[in-house]
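Next come the chains, spelled out residue by residue.
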Amino acid sequence: MANLTSVSGFLLVGFSADRKLQILHALLFLMTYLLALTGNLLIITITTLDHRLHSPMYYFLKHLSFLDLCFISVTVPQAIANSLMNNGYISLDQCILQVFFFIALASSEVAILTVMSYDRYVAICQPLQYETIMDPCACRHAVIAAWVAGGLSGLMHAAVNFSIPLCGEKVIHQFFCDVPQMLKLACSYEFINEIAVAAFTTSTAFICLISIVLSYIRIFSAVLRIPSAEGRTKVFSTCLPHLFVVTFFLSAAGFEFLRPPSDSQSAMDLMFSIFYTVIPPTLNPVIYSLRNEAMKAALRKILSKEEFAQRKMHLKAIFKL
């Protein structure tokens, strides 16, 4: 390994130095990435084209899918390229952008998940006031607030993290510019500002988690009072997927960011990073559409020959104009 102390960029140490394993990792990541792209683009397309899905729940789901699409695109294509080219070098500018977008999109996703839980709470516990509370203007403001909050969080982390003096070789034991791994490169006692920013971000995420938990406590208490078993099943089919997504994403990310740092990198550390960077954007489309009859019906309608012919005629009419 060459001396990297004078190099402006970083060396990303991926999963293995073995060439065959690098190719295998690249192929697995490529298949996962294509699956995530297909699933999330499908949800975005369905919720946009089908007017029956123009409700707050599917509006937030569309933005969650777009976030997942961007989130997985921040890290996975770079990891695939590095494995195929057998070159883990990443420039300083690329690393700064990766940290910014990674933190910004992750923070925005937590905010959107929180808004989605509140949307389900209002729909189930206050159905008569649902249209008043979750009107289109309020939904747009909630999404804008989530994006702005995520952007500010990413900006703070990127600005503070890359103002810290680094000591030693610039080697990151991860397949992307991971903030906890980069803090290991900081000189002693020079990363107190980043710790403060991380503490603020963690506290905000914890508040979001508490809000989600309280929303679901009220939702489940209301659901258990529903006399109809069919009604309870319908509510659970929309709420349990969202609860699973929130739990999986926050628990994996929390374990990675809150555990004490170690000098050595293990395969378990890489696996946990996959759990919150790769798996959630890939599984979310499956989780949200698998038990959702409205989504499956909308997909069947879009793929039907009659609907395809109507949209083809509509496009022809537009181009003629």
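Computed from a prediction, not measured in an experiment: that's the story for all the values here.

Novice: Tell me about the environment of Ile124, and please be specific about residues and values.
Specialist: Within the secondary structure, Ile124 sits in helix α3 (residues 92–125). Sequence separation of Ile124 and Arg218 is 94 residues, and the distance between their C-alpha atoms is 9.2 Å. Apart from the residues within four sequence positions on either side, Ile124 is in contact with Ile219, Ala222, Val223, Val235 and Cys239.

Novice: I'd love a proper account of the state of the cysteines, names of residues and values included.
Specialist: As used in these notes, a disulfide is a covalent bond between sulfur atoms, one from each of two cysteines. By the definition in use, this model includes 1 disulfide. Paired through a disulfide, Cys95 and Cys177 show a sulfur-sulfur distance of 2.0 Å. The chirality of the disulfide connecting Cys95 with Cys177 is left-handed, given an S-S dihedral of about -130 degrees. On the criterion of sequence distance, the pair formed by Cys95 in helix α3 and Cys177 in the loop between β3 (171–172) and α6 (179–183) is long-range, its members being 82 residues apart. On the basis of relative accessible area, Cys95 is assigned to the buried category, the value being 0%.

Novice: I'd like a description of the UniProt feature "transmembrane region" (unreviewed entry) in the protein, backed by residues and values.
Specialist: In the numbering used here, UniProt assigns the "transmembrane region" (unreviewed entry) feature to residues 26–46, 58–76, 96–118, 139–160, 195–217, 238–258 and 270–290. The span residues 58–76 shows a helical share of 100% and a strand share of 0%, and its end C-alpha atoms are spaced 26 Å apart.

Novice: Can you explain the nonpolar core? Please cite residues and give values.
Specialist: Phe29, Leu61, Met116, Ile172, Phe175 and Cys177 are the most contacted members of the largest nonpolar core, which has 74 residues in total. If you tally residues by element for this core, the top one is α3, at 15 residues. Discounting chain neighbours no more than four positions away, the residues touching Met116 are Phe60, Leu61, Leu64, His242 and Tyr288.

Novice: Requested: an account of the packing of aromatic side chains, with residues and values cited.
Specialist: Tallied over the full model, the rule gives 10 aromatic pairs. Pairing Tyr216 with Phe220 gives two aromatic rings, centres 5.7 Å apart and planes at 45 degrees, and the pair type is tilted. You can see Tyr216 and its partner Phe220 sitting in helix α7 (residues 192–223), 4 residues apart, about one turn around the helix. Owing to a relative accessible area of 2%, Tyr216 belongs among the buried residues under this scheme.

Novice: Quick rundown of the environment of Tyr89? Include the residues and the values.
Specialist: Of note, Tyr89 is situated in strand β2 (residues 89–90). C-alpha of Tyr89 to C-alpha of Val171: the two residues are 82 residues apart in sequence and 9.3 Å apart in space.

Novice: Pulling in residues and values, what's your account of the packing of helix α2 (residues 56–85) against helix α5 (residues 136–161)?
Specialist: Taken N-terminus to C-terminus, the directions of α2 and α5 make an angle of 20 degrees; their axes are 11 Å apart at the nearest point. Taken together, the axis directions place α2 and α5 in an arrangement best described as roughly parallel. For the element pair α2 and α5, the recorded crossing hand is right-handed. Judged by residue contacts, Pro56, Tyr59, Phe60, His63, Phe66 and Leu67 of α2 engage Cys139, Arg140, Ala142, Val143 and Trp147 from α5. Split into classes, the residues belonging to the contact of α2 with α5 amount to 9 nonpolar, 1 polar and 1 charged.

Novice: Please provide a residue-by-residue account of the side chain of Thr47, values included.
Specialist: Relative to the assigned elements, Thr47 resides in helix α1 (residues 19–49). In this structure the side chain of Thr47 is engaged in a polar contact, spanning 2.7 Å, whose partner is the backbone oxygen of Ile43. Apart from the residues lying within four places of it in its own chain, the contact partners of Thr47 are Leu53, His54, Tyr58, Lys62 and Met295.

Novice: Any details on the confidence of the model for the protein? Residues and values, ideally.
Specialist: Summary statistics for the protein give a mean pLDDT of 81 and a share of 83% for residues scoring 70 or more. Confidence drops under a pLDDT of 50 for residues 1–6, and excluding neighbours within four residues, the segment shows 12 contacts in the predicted structure.

Novice: Go over the pattern of salt bridges, please, and point to the residues and values.
Specialist: In total, this model carries 2 salt bridges according to the counting rule given. In this structure, Arg52 engages Asp50 in a salt bridge whose closest nitrogen and oxygen atoms are separated by 3.0 Å. When the shortest N-O distance is used, the salt bridge between Asp119 and Arg120 registers 3.0 Å.

Reading the values: the criteria
Residue numbers restart at each chain and count upward from 1, following the sequence in its written direction. Only residues with pLDDT of at least 70 are given local features in this predicted model, and only at 80 or more are side-chain atom pairs given and counted; all residues enter the totals for whole chains, interfaces and linings. Calculation of side-chain values draws on the structure's entire complement of heavy atoms; hydrogens and water are dropped beforehand. Only DSSP runs of H or I covering at least 4 residues are called helices, and only runs of E covering at least 2 are called strands; the numbering of each starts at the N terminus. Should any heavy atoms of two residues lie within 4.5 Å, those residues are counted as being in contact. By definition, disulfides here are pairs of cysteine sulfur atoms that lie within 2.5 Å. Exposure categories follow from relative accessible area, calculated using a 1.4 Å probe and restricted to protein chains: below 20% of the type maximum is buried, above 50% is exposed, and the middle band is partly exposed. UniProt positions are given in the numbering used here, feature names are shortened, and annotations may be inferred rather than shown by experiment. The term nonpolar core refers to a set of buried residues drawn from Ala, Val, Leu, Ile, Met, Phe, Trp, Tyr and Cys, joined through side-chain atoms within 4.5 Å. Whether two aromatic rings pair depends on their centres lying within 6.5 Å, for rings of Phe, Tyr and Trp, where Trp uses its six-membered ring; planes under 30 degrees apart make the pair stacked, over 60 edge-to-face, and the rest tilted. For helices, the axis comes from a line fit to the C-alpha atoms of the stretch in contact; other axes are also lines fit to C-alpha atoms, and the angle between any two N-to-C directions lies between 0 and 180 degrees. Comment on the angle field: the value is read as roughly parallel under 35 degrees, roughly antiparallel over 145, roughly perpendicular from 65 to 115, and oblique elsewhere. The handedness criterion is simple: a crossing whose near helix is rotated anticlockwise from the far helix by less than a right angle is left-handed, and one whose near helix is rotated clockwise is right-handed. Residue classes follow a fixed rule: Ala, Val, Leu, Ile, Met, Phe, Trp, Tyr, Cys and Pro count as nonpolar, while Asp, Glu, Lys and Arg count as charged, and any other residue, Gly among them, counts as polar. Definition of a polar contact: a pair of N or O atoms within 3.5 Å, with one able to donate and the other able to accept a hydrogen when the atoms are protein atoms, and with sequence-neighbouring residues admitted only if both atoms are side-chain atoms. Confidence scores labelled pLDDT are given residue by residue by the predictor and lie between 0 and 100. Any Lys or Arg side-chain nitrogen found within 4 Å of a carboxyl oxygen on Asp or Glu counts as a salt bridge.

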